[in-house]
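Residues per chain are reported as follows:
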Amino acid sequence: MSGISDTERMITLKTVEGTLFDVKSSIAKDLKTVQAFIDDSDDDVTSPIPLPNVFTRELSRILDYLNNHHRFRSGIEKADEEMARYDAEFAKSMSHEELKALILAANYLNVKDLLEFLNQTVADVIQNKSVEFVRNFFGIENDYTPEEEEKLRNENEWAFNGVEQD
Amino acid sequence: MNCEKLSNPSMDKKKKRKHTGKKAKEECTMEKKKKNHKSKNILEILPLELIHRILLRVPIRHLARLRCVSKLWCSLISDPDFAEFHFHHSPASTNACFLIKYPTKAQFVYLDDNDASQKEMCPPFKKKPPSDFAVLGSCRGFILLYRHPHFLVVWNPLTGFSKRISYSHLSPSHKYRGIKLPYCARLLGFGYDASQDDYLLLVTWCHCDRQYHLDCLSLRTNSWINLNAALSNPFLVLDSYSCGVFLNGAIHWLSFPLTAYKDAILIFDTKERTFSMMSAPEQLVMSLCLFSGLALLGGCLALYYHNHGSCNTDIWVMKEYKVHSSWNLYQIPCKDFQPLLLSSNGDIIGRGCTSYDKVGYFIYNVREDLLYRFRNLCCPSPMSETATVYTESLLPFPSDVEDKKKEIGHQNQNDVKQGKRIRRE
């Protein structure tokens, strides 16, 4: 089992816009889609791996997240608090559009921990919001007739109290 | 709509071939063009699988409302399999709720550390306001209410389901002459049998001849099983308003009074319909244990009592189920503390009395050994008001009648396809 040579290897990733990112293979392991591609290839991967569904802004954020988390994990004991603080800032720094785009990218690249964190972030955002807000957020068309919706709301009337206004 | 599928390396071997060569370049330009379109495209719409995963992290009480988002969301949230999955996989701390009688309504208290709130709802009785009722217990999101003096009600506030169980149901094999209401019947337990998808009620009786009886009612089939043979002394447990703690397919009770640590906990396996015993920690000094009880904290069985000697409340949590050596002690600096649930970061939340004898909700920070009060919540006194902690769910209630209707419905569909006559119930 080669240990040292693995961590020094660099993988190059290319985003939609053509930007190249050099990534340590230890970080690339967290991008399961990329890792599977590497595992599948017969020869060593030397040319940049194109990622047709990932944009520069998203890949940059994902790598930032992974680099920081690797740093926290390998560091000293107090890392838990620092990591929590980093995560909170990370979530706050994005608009809802950016959050959605990042989820799609993390999903495509199969970055498990980040995806769970983002899913939780979105769940926290929508839980107290109105139905209209949630529709806008996910870009969903309302396919209920006004009568159907009225009926459904009445059935769940008590659940609509205490909901944040838009 | 071109949905983005979850990338599963073991399954997506074909997809990865696209990464190389000309095809990738073509797709690059295609994706670029799509992005420039201002209208919705795959880059703005999250696929259903991701929505499913996100919704599993939303506390279930908010999901009831989100059924209105669209028909697709409604069917997703209303799906019994989704409810079951959410119930088991969503952290219980975000779905736990404290329900207390207040005084003619049911008050729901949410004790999340960052979302402490309460609201009232009328219990599902025909006569409003009800003359008197009590909260007995709960199981998988279903609450058991006792409506004096006539009947019991099983209720899921999130789905609105309620089912009345009248006392005439409660006397199957024992015919009382002239006595319609067996006032000496006592409800012992409320649990769930996963193997049958059935809810069980355990009831003890004192017959005219002073004989004790123990019966088990299946709420799915409305049929009775006598359990006299399974337990020699059904009045081992005599807690007036409690249905035990349901955990790992069994109902647990603390023997009353607490005289010895050995075999202090009685367990009823809902699948096997048998009883067994478990010991409490041997460190317990019986004479100092007042007002003892069982609770469920973070999915673990907990035994608590007011320590008369130290004026604390001792809470023993069994970290590993049925592993005697895994009992851990927590001492809460509050003499009347009743533990209710565990917060998402391991703090113990409960009810207690302040030094000024005001009843309130408290959160005990285990690491700092400090007790904080929830300032914006008012707690009804006295502490003896009936209450239960339950995990909210959208689970449907099993019923043989409903299942038969579904069966007939399916058969009718098939018959129509084959041109046969439709069966009526």
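K.L.:
Teacher, can you tell me more about the overall build of chain A here?
P.N.:
When helices and strands are tallied, chain A shows 9 helices and 3 strands. From first element to last, N terminus to C terminus, chain A shows the α and β order α-β-β-α-α-β-α-α-α-α-α-α. Every one of the 166 residues in chain A was classed for burial, and the buried ones make up 51%. In the structure as shown, chain A presents an accessible area of about 8900 Å², 49% of it carried by carbon and sulfur atoms.

K.L.:
How do you make sense of the overall build of chain B when you look at a structure like this?
P.N.:
A count of helical and extended segments in chain B gives 8 helices and 24 strands. Put simply, chain B has 425 residues, and 49% of those count as buried. Restricting to contacts in chain B with at least 6 residues of sequence separation, those with at least 24 account for 45%. Working note: accessible area of chain B is about 21700 Å², and carbon and sulfur atoms make up 52% of it.

K.L.:
Would you take a moment to explain the pairing of strand β2 (residues 20-24) of chain A for this structure?
P.N.:
The side chains of a regular strand alternate between the sheet's two faces. Residues and elements named next belong to chain A. Along β2, the buried face is formed by F21 and V23; none of L20, D22 and K24, which line the opposite face, is buried. Where strand β1 (residues 10-14) meets β2, 5 bridges bridge the pair, whose relative direction is antiparallel. In the strand pairing of β2, T12 is matched with D22. Here β1 folds back onto β2 in antiparallel fashion, the turn holding 5 residues, of which G18 has a positive phi close to 95 degrees.

K.L.:
What exactly am I supposed to notice about the pattern of salt bridges here?
P.N.:
Applying the stated criterion across every chain, the model contains 16 salt bridges over all chains. Among the ionic pairs, E97(A) bridges to K100(A), the shortest N-O distance being 3.5 Å. Separated by 3 residues within a single helix, E97(A) and K100(A) lie in helix α6 (residues 96-109), roughly one turn from each other. Judged by its relative accessible area of 47%, E97(A) falls in the partly exposed class. Where E116(A) meets R57(B), a salt bridge forms, and the shortest distance between an N and an O atom there is 3.7 Å. Here the residue E116(A) occupies a position in helix α7 (residues 112-126), and R57(B) occupies one in the loop between α3 (48-55) and α4 (60-63), the pair thus bridging two chains. It is possible to trace a salt-bridge network through shared partners that takes in R57(A), E58(A), R61(A) and E98(A).

K.L.:
How do you make sense of the sheet that holds strand β6 (residues 151-156) of chain B when you look at a structure like this?
P.N.:
Residue and element names in this part refer to chain B. Ordered in space as β4-β5-β6-β7, the 4 strands form an open sheet in which the pairing is antiparallel. Each edge of the sheet is formed by a strand with only one pairing partner; in this case those strands are β4 (133-139) and β7 (161-166). Going from strand to strand, the sheet's axes swing by 20 degrees on average, the running direction of each strand aside. Note: β4 against strand β5 (residues 142-147), 6 bridges, orientation antiparallel. Bridged to A134 within β5 is Y146.

K.L.:
Would you explain the pairing of strand β18 (residues 312-318) of chain B in this entry?
P.N.:
Residues and elements named next belong to chain B. With respect to burial, β18 is a largely interior element, 7 of its 7 residues being buried. Side-chain alternation along β18 places N312, D314, W316 and M318 on one buried face and T313, I315 and V317 on a second face that is also buried. Bridge analysis of strand β17 (residues 300-307) against β18 gives 7 bridges, and the strand direction is antiparallel. Note that in β18 the partner of Y304 across the bridge is I315. Turn length for the β17-β18 hairpin, with the two strands adjacent in sequence and antiparallel, is 4 residues, and the turn residue C311 shows positive phi of about 60 degrees. Bridging between β18 and strand β19 (residues 327-332) involves 6 bridges; their strand directions are antiparallel. Within β19, the residue paired with V317 across the bridge is N328.

K.L.:
Would you explain the packing of α6(A) against α7(A) in this entry?
P.N.:
All names here are of chain A. The N-to-C vectors of α6 and α7 enclose an angle of 150 degrees; their axes lie 9 Å apart at closest approach. Judged on the interaxial angle alone, α7 and α6 are roughly antiparallel. For the pair α6 and α7, the sense of crossing is left-handed. Only L114, L115, L118, N119, T121, V122 and V125 of α7 make contact with α6, whose side of the interface consists of H96, L99, L102, I103, A106 and N107.

K.L.:
Could you clarify how one ought to interpret helix α3 (residues 32-40) of chain A in this entry?
P.N.:
Counting buried positions over the 9 residues of α3(A) gives 7, a clear majority of the element. Turning to α3(A), its buried residues are T33(A), V34(A), Q35(A), A36(A), F37(A), I38(A) and D40(A).

K.L.:
Where do I start with the packing of aromatic side chains in this structure?
P.N.:
In total, this model carries 22 aromatic pairs over all chains according to the counting rule given. An aromatic cluster is present here, built from F142(B), F161(B), F190(B), Y192(B), Y199(B) and F397(B) joined pairwise through their rings. Sitting over the ring of F133(A), K129(A) keeps its end group 5.2 Å from the ring centre. The positively charged end of R61(B) is found above the aromatic ring belonging to Y110(B), 3.9 Å away from the centroid.

The rules behind each value
Residues numbered from 1 in each chain as written. Chains lettered and ligands numbered in written order. Predicted model: local features only at pLDDT ≥ 70, side-chain atom pairs only at ≥ 80, totals over all residues. Heavy atoms only, no water. Helix = DSSP H or I, 4+ residues; strand = E, 2+ residues; numbered from the N terminus. Buried < 20%, exposed > 50% of the residue type's maximum accessible area, 1.4 Å probe, protein only. Areas by Shrake-Rupley, 256 points an atom, 1.4 Å probe, with all protein chains shown as cover. Contact = heavy atoms within 4.5 Å. Pairing = 2+ DSSP bridges. Salt bridge = Lys/Arg side-chain N within 4 Å of Asp/Glu carboxyl O. Axes fitted to C-alpha atoms, helices over the stretch in contact; angles between N-to-C directions. Parallel < 35°, antiparallel > 145°, perpendicular 65-115°, else oblique. Left-handed = near helix turned anticlockwise from the far one by under 90°. Phe/Tyr/Trp six-rings, centres within 6.5 Å; stacked < 30°, edge-to-face > 60°. Lys NZ or Arg CZ within 6 Å of the ring centre and 35° of its normal.

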